[in-house]
Amino acid sequence: MKKRVIILAGLVVWAILSCHPITVLKFRKQLIASESFESVGVFDVNGDHHLDIVSGSYWYEGPDFLNRHFIGPVKRVGEYYDDFSTIPMDVNGDGKMDFITGGWFDGTLRWRENPGNDTEWPLHDIAVTGNIETTRAWDIDGDGFEEIVPNTPGKPLAYFTLLKDKDGKAKGQFSRIQVAEKQRHGLGFGDINGDGRGDFIVSDGWIEAPADRANQPWVKHGGFDLGDASVPIIVADVNHDGFNDLIVGQAHGYGLDWYEQKRDGKSIKFVKHPIDPNNSQYHTMAWVDLDNDGQMELITGKRYRAHNGHDPGANDNYGLYYFKWNGESFTKNPISYGSFGKAKGTGLYFSVADLHNTGRKDIVVAGKDGLYVFNNEVP
């Protein structure tokens, strides 16, 4: 009887694996430019229905990205360019896609206006915020439109909402809503307590969203210390138990972990599980379905020379990876790995998009080690 049960169990496992074959992804590495900007966005700049690549002072015309166009100068301080995000948004409602940027050294959130021709893109200030580690966009108030959220260590946590007229057209101006008096390195957004409203996750806790986000106070909950956490901190139900967990990289040290949410009545706590303790400078990441199996993968890697070689592990071999949840833990899959000149890291802000209408998502990464596309070539 025992032998029969074992055989039947094996047949069940075989049937499951046959129905859900493991896809091994293959990427073709394409050098776009030997620039050292650390942020890259993807959107249709010129309205020709091809996605373009936008990074620092230049945009690269799709679909082959060979023609380079000047956007405008970017302030340089040492090894850094003061351009720490590339968030697509039609800020002035003219039908042309602009982008949101800002940086550490000027401490100012800004947007670049798409002129619609080959002239320099005007630069507009949104707000003086203090040093910006990087910026992200999330739909904070649940109205279907994204707000802009800079991570400003040591300064208030606030988000910026694009103002619109009575017809819904963007006005080129933003309102500021403050959430907390101070934040540290690291920022995420997602529903922690299951009330349908997105909460903020910061390095030393999570900040609960009120019903009226703009006018009622947000409530801080402690219970953990994530260190110099990544931006973003991913909020996702990793183990499919109905509760959102956290995925956190150490931006300026070793470690990549997920924090499992546990409930005891109304009490919420998080249990730490290692993903990759042996690599450093996991500064940014994305949670995306790369292999089209309906399940999300974690894309991340090392921010090459995040602190100009002064972080722990700065001179280790490095790379870009995707991690797949296998039901119990994450399996690490290298996309690019090795020493400088062979490998590629993530920079501060990377993009994932189907660049060539193949139905497969490609990865576009900038950084001090160059600007590259990793073309996803597996159906």
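Just so we're clear, the structure is a prediction, and the values are computed from it rather than from any experiment.

J.: Outline the overall build of the protein chain, listing residues and values.
T.: Scanning the protein chain for helices and strands turns up one helix and 30 strands. For the protein chain, whose C-alpha radius of gyration is 21 Å, the value lies close to the compact-globule estimate of 21 Å for 379 residues. By principal-axis analysis of the C-alpha atoms, the protein chain measures approximately 80 × 50 × 45 Å. Taken over 379 residues, the protein chain has a buried fraction of 53%. In the protein chain, once contacts between residues fewer than 6 apart in sequence are set aside, the share between residues at least 24 apart is 47%. Roughly 17100 Å² of accessible area belongs to the protein chain as shown, and the carbon and sulfur atoms make up 51% of that amount. Looking at charge distribution, the protein chain has the averaged site of its 39 positive side-chain charges lying 5 Å from that of its 53 negative ones.

J.: Which residues make up the sheet that holds strand β5 (residues 68–70), and what values do they have?
T.: Strand order in this open sheet of four strands is β2-β3-β4-β5, and the pairing throughout is antiparallel. On the outer flanks of this sheet lie β2 (41–43) and β5, each paired with one strand and no other. The sheet shows a mean angle of 25° between the axes of neighbouring strands, direction not considered. Of the pairings in the sheet, the one linking strand β4 (residues 58–60) to β5 comprises three bridges and is antiparallel in character.

J.: Give me the environment of lysine 164: which residues, what numbers.
T.: The residue lysine 164 is located in strand β14 (residues 157–164) in this model. Its relative accessible area of 30% is what places lysine 164 among the partly exposed residues. Excluding residues within four positions of it along the chain, lysine 164 makes contact with Phe145, Lys169, Ala170 and Lys171.

J.: If you had to explain the environment of aspartate 362 to someone new, which residues and values would you point to?
T.: Residue placement: aspartate 362 occurs in strand β29 (residues 362–365). Judged by relative accessible area, aspartate 362 falls into the buried class, the value being 2%. When the C-alpha positions of aspartate 362 and proline 217 are compared, they lie 40 Å apart, and in sequence the two are 145 residues distant. Those residues within four positions of aspartate 362 in sequence are excluded, and the remaining contacts are Ser351, Val352, Ala353, Asp354, Leu355, His356, Phe374, Asn375 and Asn376. Polar contacts involving the side chain of aspartate 362 include one to the main-chain amide nitrogen of leucine 355, which spans 2.9 Å.

J.: Could you give an account of the packing of aromatic side chains, naming the residues involved and the relevant values?
T.: Summed over all chains, the structure comprises 18 aromatic pairs. On the basis of an interplanar angle of 65° and a centroid distance of 5.2 Å, the ring pair of tryptophan 325 and phenylalanine 330 is categorised as edge-to-face. Using a relative accessible area of 11% as the deciding quantity, one classes phenylalanine 330 as buried. Among the aromatic residues, ring-to-ring pairing joins Trp138, Tyr159, Phe189, Phe200 and Trp218 into one connected group. Over the face of the ring belonging to tyrosine 372 we find lysine 29, whose NZ or CZ atom lies 4.8 Å from the ring centre. The lysine or arginine in question, arginine 68, covers the ring of tyrosine 58, its NZ or CZ lying 3.9 Å from the ring centre.

J.: Provide a residue-level description of the sheet that holds strand β10 (residues 108–112), including the pertinent values.
T.: In a beta sheet, neighbouring strands pair by backbone hydrogen bonds and run either parallel or antiparallel. With respect to topology, four strands assemble into an open sheet ordered β8-β9-β10-β11, the strand pairing being antiparallel. The open sheet has two edge strands, β8 (87–89) and β11 (123–128), and neither has a second partner. When strand polarity is set aside, the average angle formed by the axes of neighbouring strands in this sheet is 30°. Judged from the five bridges that link them, β10 and β11 form a sheet pairing that is antiparallel. When the bridges of β11 are listed, arginine 112 appears paired with leucine 123.

J.: Outline the pattern of salt bridges, supporting the account with residue identities and numerical values.
T.: Tallied over the full model, the rule gives 20 salt bridges. As a salt-bridge pair, arginine 110 and aspartate 106 come within 3.3 Å of each other at their nearest N and O atoms. We classify arginine 110 as buried; its relative accessible area is 17%. Ionic pairing is found between lysine 324 and aspartate 291, a salt bridge with its closest N-O pair at 3.0 Å. Taken together, the residues span a long stretch of sequence, with lysine 324 in strand β26 (residues 318–325) and aspartate 291 in the loop between β24 (285–288) and β25 (297–301) at a distance of 33 residues. For the pair lysine 324 and aspartate 291, one class covers both residues: buried.

Thresholds applied
- Residues numbered from 1 in each chain as written.
- Predicted model: local features only at pLDDT ≥ 70, side-chain atom pairs only at ≥ 80, totals over all residues.
- Heavy atoms only, no water.
- Helix = DSSP H or I, 4+ residues; strand = E, 2+ residues; numbered from the N terminus.
- Rg over C-alpha atoms; globule rule 2.2 N^0.38 Å.
- Buried < 20%, exposed > 50% of the residue type's maximum accessible area, 1.4 Å probe, protein only.
- Contact = heavy atoms within 4.5 Å.
- Areas by Shrake-Rupley, 256 points an atom, 1.4 Å probe, with all protein chains shown as cover.
- Lys, Arg positive; Asp, Glu negative; His and termini not counted.
- Charge placed at Lys NZ, Arg CZ, Asp CG, Glu CD.
- Pairing = 2+ DSSP bridges.
- Axes fitted to C-alpha atoms, helices over the stretch in contact; angles between N-to-C directions.
- Polar contact = N/O pair within 3.5 Å; in protein donor to acceptor, adjacent residues only side chain to side chain.
- Phe/Tyr/Trp six-rings, centres within 6.5 Å; stacked < 30°, edge-to-face > 60°.
- Lys NZ or Arg CZ within 6 Å of the ring centre and 35° of its normal.
- Salt bridge = Lys/Arg side-chain N within 4 Å of Asp/Glu carboxyl O.

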